[in-house]
Amino acid sequence: MGTRGRPRSFDRGEALQKAMEVFWDRGYDGASMADLTRAMGINSPSLYAAFGSKAALFREALDLYAATEGAGGRCALDEGTAREALRGMLRATVEGLTAAGKPRGCMIVLGACQGGADGDGAALDALLRARRARAVEDVRRRLRRGVDEGDLPPGADVEALTAFYATVLQGLSLRARDGASRAELLGIVESAMAAWDALLRPAAPRRGAARGRRTHAAR
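Residues numbered from 1 in each chain as written. Predicted model: local features only at pLDDT ≥ 70, side-chain atom pairs only at ≥ 80, totals over all residues. Heavy atoms only, no water.

## Overview of the packing of helix H6 (residues 82–97) against helix H8 (residues 121–149)
In step 1: Running from N to C, H6 and H8 cross one another at 160 degrees; their axes reach a closest spacing of 9 Å. Taken together, the axes of H6 and H8 lie roughly antiparallel to each other. Across the interface between the two elements, Ala82, Ala85, Leu86 and Met89 of H6 pack against Val139, Arg142, Leu143 and Gly146 of H8.
In step 2: Here the contact of H6 with H8 is built from residues that sort into six nonpolar, one polar and one charged. (Axes fitted to C-alpha atoms, helices over the stretch in contact; angles between N-to-C directions. Helix = DSSP H or I, 4+ residues; strand = E, 2+ residues; numbered from the N terminus. Parallel < 35°, antiparallel > 145°, perpendicular 65-115°, else oblique. Contact = heavy atoms within 4.5 Å. Nonpolar A, V, L, I, M, F, W, Y, C, P; charged D, E, K, R; others polar.)

## Things to note about the confidence of the model for the protein
In step 1: Mean pLDDT over the protein: 86, with 85% of residues reaching 70 or higher.
In step 2: Here residues 1–7 is a poorly scored stretch, pLDDT under 50, and it has zero contacts once near neighbours within four places are set aside; other chains count.
In step 3: The low-confidence segment residues 215–219 (pLDDT under 50) makes zero contacts with residues lying over four places distant or belonging to another chain. (pLDDT = per-residue confidence, 0-100.)

## Structural notes on the UniProt feature "DNA-binding region" (unreviewed entry) in the protein
In step 1: Using the residue numbers shown here, the UniProt feature "DNA-binding region" (unreviewed entry) corresponds to residues 32–51.
In step 2: Helix makes up 80% of residues 32–51 and strand 0%, with an end-to-end C-alpha separation of 15 Å. (UniProt positions renumbered as here; feature names shortened; annotations may be inferred.)

## Brief notes about the side chain of aspartate 138
In step 1: Along the chain, the position of aspartate 138 falls in helix H8.
In step 2: Its relative accessible area of 18% is what places aspartate 138 among the buried residues.
In step 3: Side chain to side chain, aspartate 138 and arginine 141 meet in a polar contact 3.1 Å long.
In step 4: Residues in contact with aspartate 138, not counting those within four places in the same chain, are Arg74 and Leu77. (Buried < 20%, exposed > 50% of the residue type's maximum accessible area, 1.4 Å probe, protein only. Polar contact = N/O pair within 3.5 Å; in protein donor to acceptor, adjacent residues only side chain to side chain.)

## Quick word on the pattern of salt bridges
In step 1: Evaluation of the coordinates by the stated rule reveals 16 salt bridges.
In step 2: With its nearest N and O atoms 3.7 Å apart, the salt bridge here joins aspartate 25 to arginine 26.
In step 3: Judged by its relative accessible area of 38%, aspartate 25 is partly exposed.
In step 4: Two residues, arginine 91 and glutamate 190, come together in a salt bridge whose shortest N-O distance is 3.3 Å. (Salt bridge = Lys/Arg side-chain N within 4 Å of Asp/Glu carboxyl O.)

## Things to note about the packing of aromatic side chains
In step 1: Within the structure shown, the criterion is met by six aromatic pairs.
In step 2: On the numbers, 5.0 Å between centres and 75 degrees between planes, the contact of tryptophan 24 with tyrosine 65 is edge-to-face. Placement of tryptophan 24 in helix H1 (residues 12–30) and of tyrosine 65 in helix H4 (residues 54–67) is noted, with a sequence separation of 41 residues between them. You'll find tryptophan 24 and tyrosine 65 in the same group, each marked buried. (Phe/Tyr/Trp six-rings, centres within 6.5 Å; stacked < 30°, edge-to-face > 60°.)

## What to know about the environment of leucine 152
In step 1: With respect to the helices and strands, the residue leucine 152 is situated in the loop between H8 and helix H9 (158–177).
In step 2: With 71 residues separating them in the primary sequence, leucine 152 and threonine 81 have C-alpha atoms 9.1 Å apart.
In step 3: With residues near it in sequence (within four places) discarded, leucine 152 still touches Ala82, Leu143, Gly146, Val147, Leu161, Trp196 and Leu200.

Structure representation (structure tokens):
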């Protein structure tokens, strides 16, 4: 019995890769259907038949990005001590953000939606926020592991460390999109790692708080 309908005349995986690069470069809102179909080498009916909608295509493209282009930094978190792991994550991220022939910056950080004409923007923006939160949680989990394994002192402020290095991670993407060179971004990574020891030191008590404790003790 024959197969109903005409077979696809394009490679779905290759088309998805091209769509990912368009979304990576322009974000969800900035990528028009004309941009997508031109890059993918297909027409609109074929796109809808293969992927369902622009929003569904974006979700698949985001999954592909996370599994390929965005995987280097996560893998580096498994290597060495906590400090070495974070440094490796940031350096691997820089390499991905500045790869030759690829859009600059991170699709997950820079692919924000503002509502979208098709009404899916809010849901996709929530998806992007969840992906960014997952990256922050990866950093937090690695630092907690460092405390458990003795790489970090028991009193280390894991939340403060997480906030600092997650901000550096996302900031690198913005600087890359604005044209910063790989050398400049790697310099930022080394500056961030130079702050490691200072961030591990307990915060000095505020002058007023210390005076209050002395007065209370004198009584």
